[in-house]
Amino acid sequence: MSPGEARNRKDGGEAHCIRFRLPPPPHQFTDIVYGAVSLEEGQGDFVILKSDGYPTYHLASVVDDHLMEISHVLRGVEWQVSTGKHLALYRALGYKPPEFAHLPLILNRDGSKLSKRQSDISIDYYRITRYYPEALVNFVVGNRNRIESIEEITSKFDLQTYSKSSNRLDFSHLEQLNQLCLKKEAESSLDIIRQVLPGGSDDYYRKIMTWCPPRVSKLTDLVKEFSYLSKEFQPSRCSQEEARLVRLVLTKLEESTGEIMHSDLKKLSSDNEIPIKSLMHVLRKSLCGVEVGPPIFEIVNLLGRDESIRRLKNSLN
């Protein structure tokens, strides 16, 4: 279409947009991460003002970054092909362009592109599920087996050393980092654990915080997997057959003054000619209300003698 025809159609009231005449390729620039880049393919004259009068992203981002005095633009590598357009706009508007650093894609573990539409990559998701901010930051920067402070991380940050390869996120590493934070923050996590497992004392919560790091990666897992650790937990009533076994353990606990060991329960089963598996099964059901879980003698000692006795008695009533 000739300029004259375009002008006539515009003057005639037809809807129209405004395009930017892009200089022919190559479009060359220096990328902080990728070095010298030369875009050889022509991309055509692109729209900068739509028919409704609103600017496209290309024009809006250039003007906005200039007005905010942005010195460096860091964005995904998929935007690298548009950089020639943006630099041409900077020149046409008489603006000094910022430096550009294009970052490789972040992928899911299966190689698919990570999307902001995935619910489990929002900050709110990690806040609600009780991940530690330090764990999330260290996961994002690639730490695997150690937790570094924000100051340590920022002191090492250098775009010149940034990898050009796409990074696949393995969220099991986030779980490991969160476990490290959980272990480190045992004392300061008491307020949080009071909310998820009400009814206990500070000493009881400290015991849980010492016990749980190898078993859970975030405190909300305590509610999902170990809700029976709440001192408000009420076991279900046992059957008549199970009651005999419960009374045996109850007598043992009432006579005991120290911790119950696996050997104690094994001896109890042997002395009474009861399979150890049957004893463990009934004991776990009466104390925890579940079929499977951590070693039952650990639970007995974690709950404490008095709480274990209370639960066993309640399961008989």
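See above for the structure.
So, here's what we can say about the structure. (Residues numbered from 1 in each chain as written. Predicted model: local features only at pLDDT ≥ 70, side-chain atom pairs only at ≥ 80, totals over all residues. Heavy atoms only, no water.)

**Overview of helix H12 (residues 262-271)**
One turn of an α-helix holds 3.6 residues; hence residues three or four places apart share an orientation.
Okay, so step 1: Those residues of H12 lying buried are Leu265, Leu268 and Ser269. The buried residues of H12 all sit within an arc of 95° when viewed along its axis, so they share a single face. Exposed residues pointing more than 90 degrees away from the buried face of H12 are listed as Lys266, Lys267, Ser270 and Asp271.
Okay, so step 2: Two residues or fewer after H12 comes Glu273, characterised by a positive phi angle close to 55°. (Buried < 20%, exposed > 50% of the residue type's maximum accessible area, 1.4 Å probe, protein only. Helix = DSSP H or I, 4+ residues; strand = E, 2+ residues; numbered from the N terminus. Arc of directions from axis to C-beta.)

**Some words on the packing of aromatic side chains**
Okay, so step 1: On inspection of all chains with the given rule, the structure shows eight aromatic pairs.
Okay, so step 2: Measuring from ring centre to ring centre gives 4.8 Å for Tyr57 and Trp79, while their planes differ by 45°; the resulting arrangement is tilted. Here the residue Tyr57 occupies a position in helix H2 (residues 57-67), and Trp79 occupies one in the loop between strand E5 (72-76) and helix H3 (83-93), the gap between them amounting to 22 residues.
Okay, so step 3: Given a relative accessible area of 43%, Tyr57 falls into the partly exposed group.
Okay, so step 4: Both rings, one in Tyr125 and one in Tyr126, keep their centres 5.0 Å apart while their planes meet at 85°; by these two values the pair is edge-to-face.
Okay, so step 5: By way of ring pairs, the aromatic residues Tyr125, Tyr126 and Tyr131 are connected into one cluster.
Okay, so step 6: Here the basic side chain of Lys231 rests over the ring of Tyr204, its NZ or CZ set 4.0 Å away from the ring centre. (Phe/Tyr/Trp six-rings, centres within 6.5 Å; stacked < 30°, edge-to-face > 60°. Lys NZ or Arg CZ within 6 Å of the ring centre and 35° of its normal.)

**Let's talk about a nonpolar patch on the surface**
Okay, so step 1: On the surface, a cluster of nonpolar side chains totalling about 330 Å² of accessible area is made up of Val137, Val140, Val141 and Ile150.
Okay, so step 2: Its location among the elements puts Val140 in helix H5 (residues 133-140). (Patch = residues over 30% accessible without salt bridge, like charges linked within 9 Å, V, L, I, M, F, W, Y side chains within 5 Å. Areas by Shrake-Rupley, 256 points an atom, 1.4 Å probe, with all protein chains shown as cover. Salt bridge = Lys/Arg side-chain N within 4 Å of Asp/Glu carboxyl O.)

**A few points about the pattern of salt bridges**
Okay, so step 1: Under the definition given, this model contains 13 salt bridges.
Okay, so step 2: Lys156 is paired through a salt bridge with Glu148; the nearest N and O atoms lie 2.4 Å apart.
Okay, so step 3: With a shortest N-O distance of 2.8 Å, Asp271 and Lys267 are connected by a salt bridge. Residue Asp271 and its partner Lys267 are both found in helix H12; the two are separated by four residues, about one turn of the helix.
Okay, so step 4: Residue class for Asp271 comes out exposed when judged on its relative accessible area of 53%.
Okay, so step 5: Residues participating in the shared-partner salt-bridge network are Glu5, Arg9 and Glu14.

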